[in-house]
Amino acid sequence: MAPAPEHCPGTESEQAGKADACQGCPNQQICATAPKGPDPDLPQIKERLSSIKHKILVLSGKGGVGKSTFSSQLSFALAEMNRQVGLLDIDICGPSIPKITGVEGESLHESNLGWEPVYSPAYDNLAIMSIGFLLKDPDEAVIWRGPKKNGLIKQFLRDVYWDQLDFLVVDTPPGTSDEHLSITQYLKAGGIDGAVVVTTPQEVALLDVRKEINFCKKVGIPVLGVVENMAGFVCPNCRGETRIFAPTTGGAAKMCQEMNVPLLGSIPLDPLIARSCDEGKSYLQQAPQSPTTQALKAVFEKIVAAVEKTQI
Amino acid sequence: KTTMSNDATSRLAQIKHKILVLSGKGGVGKSTVSSQLALILHSLGKKVGILDVDLCGPSIPHILGLGDKSVFSGSEGKWIPVYTDDTKTLGVMSIGFLLDSKDSAVVWRGPRKTAIIKQFVEDVAWGELDYLVIDTPPGTSDEHITVCESLAKYNPDGAVIVTTPQNVSIADVRKEITFCKKIGLPILGVVENMSGFVCPHCAECTNIFSTGGGEAMAKELDIPFIGRIPIDPLIGSACEAGKSFIEANKASSSLDALRNFAANYPQPSHATLESSTDKMSE
């Protein structure tokens, strides 16, 4: 009797309120009767995105696997490679990027060009935007339902003045919901180079990540590859290895094979990562020779090579 | 409609204790804590239900070894929980049981998520339960607003807050605590998960995700501290295999914090946080 969940066509789609999937949705009336027509903000969004060469989404499906950690370290690495980088944090409820990138407590400034992103103190070619900059109190909870979150994501894309960027890295919250649908919808106009999907090795994570990869396939986002994070721990005392999050079902490697997506790399745990993130410092700078840094850099190089070889 | 809500009221009145497991931060162990707490309570002879309101990433079926099950409806169209065995003393409800395939993504916007969560709260035929443990996704959004609003009239006991020790997690968890304060949901306590890793080769403890942050936060905000759970690969492997950790590892002390909490629940009343008279803002 319980209906199999079907997919929301999106509140702005022609099918909104009318598709089979809309039956039973409390928003159906609103969607069916709302005025349709071109979104007046789209031209402005398109213009903002036109000065951005490459857009990369960092997704997971599963929470706590290291999306924000990966997004920020990727951004630091790109900045080190002398690219102009923007890092957009669309996790509205749990915005971690300001802390991890050392710009916690900064506020948003507006100029005649739009919302000014906050620049990293370590790299003047790394611009950051997050709801974190709009909150006066860090403990303030953003208790918003989907439509309001969508509104802010749209504003980020419409109003933030990024100027010329080589890369826009978008950090996302876990799941396959409003934020993911919205960012895909709005970025598609300018083209998304692809998504990097982060996971940890265990099946409980892979269960969610397979869904995320299927989401990407469904909405037409190319999957640049999968990064397997927290893949093993080497004890600093005795060098003994432990697979804390054991790959009981073959880990990311098997999943990538089954789903026909590239495995970009496996990144081991390092206690210094958590500390660097807490302190807002680049882990790559703090531990340049560590196995984790080497593994991360190898993944970053693959991403840059995959993305820059085809100019949009 | 009145009959329906009367039915829901009588259904939920048969549940003695309703405990939400919240975090704000993803990947800290909410589903692990929800499932293992439910299993511990069950081992103490309680009748337990687990309600999984994580619609995008429902982990509970897998962790309880029920990954291949589907849900059925009973008379009057109410949903019957999936039970772990014939004694029907531990039941689960999750969107995981409604999916055609485990790999299907539930790509729903807020309003649709809201609708099904309301059904999950009101239309599941749990029968008489000692405990209903409610596992939530990370965040403070549709799922949290809806589950708390729907449960409010049925007097939930409160929330167990799960965090990991590092500041990046604590930052999100503090927001979740603000959320609880705003809606007047009592906080039963904080669990600091993944708190230190004891190397199985040499017994040296490494604080992979830092340490102490959860306890310090609980002290600062005057919230009970339930205790620490170390990083124990056997906890992860129990979840992977759909087994009860305490049953599979009888001699282990890793989940003692949860065992003490369960054994002594309900705790002597602790000063609850002042609730705001304002409804939460949108």
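Residues numbered from 1 in each chain as written. Chains lettered and ligands numbered in written order. Predicted model: local features only at pLDDT ≥ 70, side-chain atom pairs only at ≥ 80, totals over all residues. Heavy atoms only, no water.

Moving on: the nonpolar core. One finds Phe70 and Leu88 of chain A to be the most contacted residues of the largest nonpolar core, which totals 88 residues. At seven residues, helix H11 (residues 291-308) of chain A tops the list of elements feeding residues into this core. The residues contacting leucine 88 of chain A, other than those within four sequence positions of it, are Met129, Phe156, Leu157, Trp162, Leu168, Val169, Val170, Asp171 and Ile183 of chain A. If you look at the next biggest cluster of nonpolar residues, it comprises 84 residues, including Ile40, Ile50, Val133 and Phe261 of chain B. (Core = buried A, V, L, I, M, F, W, Y, C linked by side-chain atoms within 4.5 Å. Buried < 20%, exposed > 50% of the residue type's maximum accessible area, 1.4 Å probe, protein only. Helix = DSSP H or I, 4+ residues; strand = E, 2+ residues; numbered from the N terminus. Contact = heavy atoms within 4.5 Å.)

All names here are of chain A. One open sheet accounts for eight strands, arranged E5-E6-E2-E7-E1-E8-E9-E12; its pairing is mixed. Of all the strands in the sheet, the pair left with one neighbour each is strand E5 (118-119) and strand E12 (263-266). In this structure, E5 lies alongside strand E6 (residues 126-130), joined through two bridges in antiparallel fashion. Bridging across to E6, tyrosine 119 finds its partner in alanine 127. Contacts from helix H6 (residues 178-188) reach strand E1 (52-59), strand E2 (85-89) and strand E7 (165-171) within the one sheet, and its direction differs from that of E1 by about 165 degrees. (Pairing = 2+ DSSP bridges. Axes fitted to C-alpha atoms, helices over the stretch in contact; angles between N-to-C directions.)

This next bit is on the side chain of threonine 164 of chain B. Residue and element names in this part refer to chain B. Inspection of the secondary structure puts threonine 164 in the loop between strand E8 (158-163) and helix H6 (167-183). Residue threonine 164 is classed as buried on the basis of its relative accessible area, which comes to 4%. Side chain to side chain, threonine 164 and serine 169 meet in a polar contact 2.6 Å long. For threonine 164, the contacting residues outside a window of four places in its chain are Val28, Ser169, Ile170, Asn193 and Met194. (Polar contact = N/O pair within 3.5 Å; in protein donor to acceptor, adjacent residues only side chain to side chain.)

Right, let's get into the interface of chain B and chain A. Chain B puts 66 residues into the contact, and the matching count from chain A is 75 residues. In this assembly, chain B packs against chain A so that about 5800 Å² is buried in total across both faces, 60% of it on carbon and sulfur atoms. Considering only the side of chain B, the residues that lose the most area to chain A are Val107, Arg109 and Lys175 of chain B, jointly responsible for 14% of the buried surface there. The tally of links between chain B and chain A comes to four salt bridges. A salt bridge links aspartate 142 of chain B to arginine 145 of chain A; the nearest nitrogen and oxygen atoms lie 3.5 Å apart. (Buried area = accessible area lost by both parts, 1.4 Å probe. Salt bridge = Lys/Arg side-chain N within 4 Å of Asp/Glu carboxyl O.)

Let us look at the packing of helix H5 (residues 142-152) of chain B against H6 of chain B. All names here are of chain B. Where H5 meets H6, the axes come as close as 12 Å, and the angle between the chain directions of the two elements is 30 degrees. With respect to H6, the axis of H5 lies roughly parallel. Considering only the axes of H5 and H6, their crossing is right-handed. Judged by residue contacts, His144, Ile145 and Cys148 of H5 engage Glu176, Phe179 and Ile183 from H6. Considering only residue class, the contact of H5 with H6 consists of four nonpolar, one polar and one charged. (Parallel < 35°, antiparallel > 145°, perpendicular 65-115°, else oblique. Left-handed = near helix turned anticlockwise from the far one by under 90°. Nonpolar A, V, L, I, M, F, W, Y, C, P; charged D, E, K, R; others polar.)

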